[in-house]
Amino acid sequence: MSYSAEAFQNEYLAMGASEVNAIVTVTSSGGEGGRRTAEATEIIIVDASGSMQAEGRMANARQAAKAAVNAIDDGVRFAIIAGVSTAQQLYPDPGQLAVSSTLSRADAVRAIDRLQASGGTAMGAWLLLAAQLFEQRPGDIKHCILLTDGDNGERFGYLDSVLQQIAGRFRVDARGVGVNWKVAEVRKITDTMLGTVDIVARPEGLIFAFEQMITEAMGKTSADVQLKVWTPVNAKVRFVKQVEPQVQDLTGKRVEDGPRAARYPLGSWGQESRDYHVCVDVPAGKSGDEMLAARISVVEGDTVHAQSLVRAVWTEDTALSTRINRQVAHYTGQAELADAIQEGIVAREAGDERTATIKFGRAAQLAHASGNKATEELLAKVVEIEDAATGTVRLRRKVNAADEMALDTQSTKTVRVGRSQ
Amino acid sequence: MILTECDSCAEGRASGASFCEACGRLLNETAVGEAANSATAGEAADKPAGDGPLSGAGPSSGEAASIDGTDAAPARRTGRDCPNCGATGAVDTDGYCEECGLLAGRPRDHTEADGDVVAAAVSDRGRRHHRNEDAMWLAVGADAADIVVCDGVSSSFDPDVASEIAAKTAGELLARAPHPADPTPRDETADAGGTSDATGVDAATAVPSQSDEPEAKDQPEAIGGPEATVDLAAEPPDPALPIAEVVGMAIQGAGQSVATLVDGGDPRRRASNPACTIVAAAVRGPHVGFGWVGDSRAYWVTAAGPAEQLTEDDSWARHVIAMGADPRVAMNDPKAHAITAWLGADAGPILPHIGAFTARTPGHLVLCSDGLWNYLTDPADFGDAVRSALKLATGPRPLLEAARALVTYANSAGGADNITVAIVPVHPLPEADAESDAETQPIKSATSDNEPSEA
Ligand SMILES: [Zn+2]
Ligand SMILES: [Zn+2]
């Protein structure tokens, strides 16, 4: 795999300024011929709680799981977990991983046909079983699909403790079917596990959603890529966020790596490009001083794949120091957009219409200005946008629950600067 | 050049000045990926003069870093101590301290080229800019010198790379300037055939043929220098003119090299292509050919009196003064220094101005970037400053000391820009030869009819 890392910033700081911002674009050309440099394991968790009987969800979930299984590449290890009040391994035998082949996939499909909806929702237990299975395969590209349709039924705090235990060990992409699940709850899982969350409003959409996730997962060619950030003495990393394709705060995932350096997990990579916003506080320099504020490396184990430098140059020239870098401004806006939507939804649920209107108004303004059309369209289903430029909106009386949930899950999805402008 | 917004000087562009050199503002908003910068003058540190340019004494010649935006090679410690925090051996190959992060200095921050009694040049970052975007070239031989001074246009992307490649390309082409005493002037085309160099510019294509269309628009425009004959019909052409023609072609070659910089992968170079000014001269005995594009200057300084400015800036101020504007008003305009010609992909065909003269009195040829002349705009002051620098330089390397003193002068006056200055003493021929030279004959060299060799 070959990677590149490129930093975009305005390195000029006003006298006394100490905050350095940069957007680092990491691009991977993917494995040679699309071949994986690591082996892969895929686990599919299908919610089989009683509520899945409604609206033909179970039938569609079966179809989706089967489609997913059939899309698993030969040689990839896999397992299927049936999610009820406990975690039950549906395929292969408990504690085992199957090796994908025409034969094993056909076996798995027959097992899926036996899947019946009954019992509760215990996401903590499901994820813990997945973690145990993944543990057999250190070094693999580990991906898990989680399908649910309801609130977690486990005792309060249990899911959190499981997440703390398994954080970052594998990637989880979660999909909620229908409107009776909580975006915030599932997002907690996918944030911890560096994955994505989305709503599949109608059960018929599940097949497409599953196929898409598997296809993406099969495209990953390396397992555990990290961003190593070196900062000078007396400097402090304020935050490290993935900002494209979606906002994901990595600040809390910092793992120290020698003096003045730390690593942040980037998960598994295929042929793709992602943007990261790095913000560092450094001791202010004198006029004309140039400082290396951060050295950003893309690493895998001890291998440094790419490196980029984030600089700070202090100048008395305000024409220089007041210039705002387009990339930094754009992604700062995208992160604010995500926050504004999520805060608006919380306020509306709490009956605080004033706050909700302000937040959604700001969101409309940001989405419009940045060319984030998908988000703007979803916003328009929740509020009437009178004037996007000024952020003038009115809450809609009746909002389709699925639309609001779609807006919530969409909130973290960003667009690249200039792409749609 | 694509215009980038300059908050402080919108005026400068409205009037047609196409970038903000007017107010000295740097416009590049990002600067990722420092090119592997070894100072041009510092590249051939071990080569004897005559084979290549003189060595520059940068603080860390030979340690040029190669880390850029996509290079994965991790920085290594160089063993140098950090001048800022004192950490021992903490300076990385990319020039930053591994402890405090401060830039410990780049090779190009200060470079010197010492041609002993023949010439000397010094380039310095100055006090306000964080890097040196000026570049220089100096090659000397027996009674011969090739000098180039380039100043990166700070509103372009990677101007330091532009100035570096321009100085190097022009310098290499200047080596072909003929000695007027040489009985068999070298055949330009035959010579060019074998000259393909590391800059990727094939000399044969870099130097356009000028013989086909004598009236062609891209002919270097010739003007006279000191004591140049006003009435060309009355006297034979100055024997220095063929030298000037080579200088003009060297500048065109440099322009083509700079123009190729836009072809790299970096989109920012396409958005705001690397650009620079250039002033170049070849001195062969008493004969001086020079040429320029932009506002870097050449002066002639004699034993007394004001310095004679040999070049005419390609600048907004000069342009409007020529059109009849009040010089004092024009020079005080914020866009006075905006240049109207440069080397770069967006510069169009390069039309270097050239000039030539043969010294009749001893004097010093001084080439410099605006980082020096901005502090000495009065020709009398400039002459005095050069003479006083030369007078005070009594050590073993007087020319180098004098060049350093002029840089120090600019720095103590504010050092607002990068500063580059080159000094070449030019000696007239003995009386009898000079007479015949002026009147009829191709000169008989009193010194040497060889190409530049050892200094
Ligand atoms: Zn230090
Ligand atoms: Zn300058």
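Because the structure is predicted, anything quoted here is derived from the model rather than measured.

## With respect to the overall build of chain B
Inference 1: Of regular secondary structure, chain B possesses 12 helices and 13 strands.
Inference 2: Looking at the 455 residues of chain B, the share that counts as buried comes to 56%.
Inference 3: Taking the intrachain contacts of chain B between residues at least 6 apart in sequence as the baseline, contacts between residues at least 24 apart amount to 69%.
Inference 4: Total accessible area on chain B is roughly 17900 Å²; 53% of this is exposed by carbon and sulfur atoms.

## Some words on the coordination of the zinc ion (ligand 1)
Residue and element names in this part refer to chain B.
Inference 1: Summarising the metal site, the zinc ion (ligand 1) is bound by the protein donors Cys 82 (SG), Cys 85 (SG), Cys 97 (SG) and Cys 100 (SG), whose distances to it range over 2.2 to 2.3 Å.
Inference 2: Angles of 104 to 112° at the metal separate the four donor atoms of the zinc ion (ligand 1), which places the site in the tetrahedral class.
Inference 3: Positions of the donor residues of the zinc ion (ligand 1), expressed as sequence spacing, correspond to C-x2-C-x11-C-x2-C.
Inference 4: Given a relative accessible area of 10%, Cys 100 falls into the buried group.

## Notes on the packing of helix 1 (residues 57–70) of chain A against helix 2 (residues 102–113) of chain A
Two packed helices can be described by the angle between their axes and the distance between those axes.
All names here are of chain A.
Inference 1: Where helix 1 contacts helix 2, the two axes come as close as 10 Å, and the packing angle between them is 170°. Classed by the angle they form, the pair helix 1 and helix 2 counts as roughly antiparallel. Taken together, the residues of helix 2 that come into contact with helix 1 (itself represented by Arg 62, Ala 65, Lys 66, Val 69 and Asn 70) are Arg 105, Ala 108, Val 109, Ile 112 and Asp 113.
Inference 2: Of the residues in the contact of helix 1 with helix 2, the class split is five nonpolar, one polar and four charged.

## Quick word on the coordination of the zinc ion (ligand 2)
All names here are of chain B.
Inference 1: Listed as protein donors to the zinc ion (ligand 2) are Asp 151 (OD), Asp 370 (OD) and Asp 417 (OD); their distances from the metal cover 2.0 to 2.1 Å.
Inference 2: Here the donor residues of the zinc ion (ligand 2) are spaced in sequence according to D-x218-D-x46-D. One end of the pair, Asp 370, is in helix 9 (residues 370–373); the other, Asp 417, is in the loop between helix 11 (398–412) and strand 13 (419–426), and 47 residues separate them in sequence.
Inference 3: The exposure class of Asp 417 is buried, given its relative accessible area of 16%.

## A closer look at the nonpolar core
Inference 1: Within the largest apolar cluster, 53 residues are counted, with the highest numbers of intra-cluster contacts made by A:Ile45, A:Leu127, A:Ile166, A:Phe170, A:Ile189 and A:Phe360.
Inference 2: The dominant element in this core, judged by the number of residues it contributes, is helix 3 (residues 123–134) of chain A, at nine residues.
Inference 3: Counting residues in hydrophobic clusters, the runner-up holds 41 residues, among them A:Tyr3, A:Leu266, A:Met291 and B:Val91.

## A short note on the sheet that holds strand 9 (residues 308–309) of chain B
Residue and element names in this part refer to chain B.
Inference 1: What the six strands build is an open sheet, ordered 1-2-13-12-8-9; its pairing is antiparallel. Edge positions in the sheet fall to strand 1 (110–115) and strand 9, since each of these pairs with one other strand and no more.
Inference 2: Judged from the five bridges that link them, strand 8 (residues 297–301) and strand 12 (residues 363–368) form a sheet pairing that is antiparallel. If you follow Ala 298 over to strand 12, its bridge partner there is Leu 367.
Inference 3: Docked against the sheet, helix 10 (residues 379–392) engages strand 8 and strand 12, running at close to 70° with respect to strand 8.
Inference 4: Packing against the sheet, helix 11 makes contact with strand 1, strand 2 (119–124), strand 12 and strand 13, and its axis sits at approximately 145° to strand 13.

## Focus: unusual backbone geometry
Inference 1: Of note, the amide linkage connecting A:Tyr91 to A:Pro92 takes the cis form, showing an omega dihedral of -15°.
Inference 2: With respect to the secondary-structure elements, A:Pro92 resides in the loop between strand 6 (87–91) and strand 7 (98–99).
Inference 3: Residues other than glycine seldom take positive phi values, yet A:Asn234 does so here, at roughly 70°.
Inference 4: Tracing the sequence through the fold places A:Asn234 in the loop between strand 11 (222–230) and strand 12 (236–244).
Inference 5: With a phi angle near 55°, B:Asp158 is a residue other than glycine that sits in the positive phi range.
Inference 6: Within the secondary structure, B:Asp158 sits in the loop between strand 4 (144–152) and helix 2 (159–174).

## Looking at helix 5 (residues 241–260) of chain B
Inference 1: Its 20 residues give helix 5 of chain B an end-to-end C-alpha distance of 29 Å, which sits within 8% of 28 Å, the value for a rise of 1.5 Å per residue.
Inference 2: With 14 of 20 residues buried, helix 5 of chain B lies mostly within the body of the structure.

## Notes on the pairing of strand 17 (residues 290–300) of chain A
All names here are of chain A.
Inference 1: Counted residue by residue, strand 17 has 10 buried out of 11 residues, so it is predominantly covered.
Inference 2: Sheet topology places strand 11 next to strand 17; five bridges connect them, and they run antiparallel. By the bridge assignment for strand 17, Trp 230 is matched with Arg 295.
Inference 3: As paired strands, strand 17 and strand 18 (residues 303–315) are joined by 10 bridges and run antiparallel to one another.

## Considerations on the environment of A:Ala117
Residue and element names in this part refer to chain A.
Inference 1: Structurally, Ala 117 is set in the loop between helix 2 and helix 3.
Inference 2: On the accessibility criterion, Ala 117 (7% relative accessible area) is buried.
Inference 3: On a C-alpha basis, the gap between Ala 117 and Ala 82 in space is 9.3 Å, while along the polypeptide they are 35 residues apart.
Inference 4: The contacts of Ala 117, once residues within four sequence positions are left out, are Ala 48, Ser 49, Gly 50, Met 52, Gln 53 and Met 58.

## Considering the pattern of salt bridges
Inference 1: Taken as a whole, this structure holds 49 salt bridges over all chains when the rule is applied.
Inference 2: Note that A:Glu204 is salt-bridged to A:Arg202, the shortest N-O span being 3.0 Å.
Inference 3: We classify A:Glu204 as partly exposed; its relative accessible area is 44%.
Inference 4: Of the charged contacts in the structure, one is a salt bridge between B:Glu98 and A:Arg295, with a shortest N-O distance of 3.3 Å. One end of the pair, B:Glu98, is in the loop between helix 1 (10–14) and strand 1; the other, A:Arg295, is in strand 17, on a second chain. Neither residue differs from the other here; B:Glu98 and A:Arg295 are each classed as buried.
Inference 5: Each member of the salt-bridge network shares a partner with another, and the members are A:Arg171, A:Asp173, A:Glu216, A:Lys220, A:Glu272 and A:Arg274.

## Considering helix 8 (residues 326–349) of chain A
Inference 1: An ideal rise of 1.5 Å per residue puts 34 Å on 24 residues; helix 8 of chain A measures up with 35 Å between its terminal C-alpha atoms.
Inference 2: One side-chain oxygen at the N-terminal end of helix 8 of chain A lies 2.9 Å from the backbone nitrogen of A:Gln327; it belongs to A:Asn325.

## Quick word on the packing of aromatic side chains
Residues and elements named next belong to chain A.
Inference 1: This structure, assessed with the given rule, holds seven aromatic pairs over all chains.
Inference 2: Measuring from ring centre to ring centre gives 4.5 Å for Phe 134 and Phe 170, while their planes differ by 35°; the resulting arrangement is tilted. One end of the pair, Phe 134, is in helix 3; the other, Phe 170, is in the loop between helix 4 (158–166) and strand 9 (171–177), and 36 residues separate them in sequence. The residues Phe 134 and Phe 170 share a single accessibility class, namely buried.

## Brief notes about the confidence of the model for chain B
Residues and elements named next belong to chain B.
Inference 1: Counting all residues, the mean pLDDT for chain B is 72, and 66% of those residues have values of 70 or more.
Inference 2: The weakest mean pLDDT in chain B belongs to helix 1 at 25; the strongest belongs to strand 12 at 98.
Inference 3: Note that residues 1–52 has pLDDT below 50 and, in this model, 153 contacts with residues that lie over four places away or in other chains.
Inference 4: Long-range and interchain partners of residues 183–219, a stretch whose pLDDT sits below 50, account for 43 contacts in this model, where long-range means more than four residues apart.

What counts, and at which threshold
Residues numbered from 1 in each chain as written. Chains lettered and ligands numbered in written order. Predicted model: local features only at pLDDT ≥ 70, side-chain atom pairs only at ≥ 80, totals over all residues. Heavy atoms only, no water. Helix = DSSP H or I, 4+ residues; strand = E, 2+ residues; numbered from the N terminus. Buried < 20%, exposed > 50% of the residue type's maximum accessible area, 1.4 Å probe, protein only. Contact = heavy atoms within 4.5 Å. Areas by Shrake-Rupley, 256 points an atom, 1.4 Å probe, with all protein chains shown as cover. Donors = N, O, S within 2.8 Å, 3.2 Å for Na, K, Ca; no water. Tetrahedral: all angles 85-135°; square planar, octahedral: opposite > 155°, others 65-115°. Axes fitted to C-alpha atoms, helices over the stretch in contact; angles between N-to-C directions. Parallel < 35°, antiparallel > 145°, perpendicular 65-115°, else oblique. Nonpolar A, V, L, I, M, F, W, Y, C, P; charged D, E, K, R; others polar. Core = buried A, V, L, I, M, F, W, Y, C linked by side-chain atoms within 4.5 Å. Pairing = 2+ DSSP bridges. Expected span 1.5 Å × (residues − 1). Salt bridge = Lys/Arg side-chain N within 4 Å of Asp/Glu carboxyl O. Polar contact = N/O pair within 3.5 Å; in protein donor to acceptor, adjacent residues only side chain to side chain. Phe/Tyr/Trp six-rings, centres within 6.5 Å; stacked < 30°, edge-to-face > 60°. pLDDT = per-residue confidence, 0-100.

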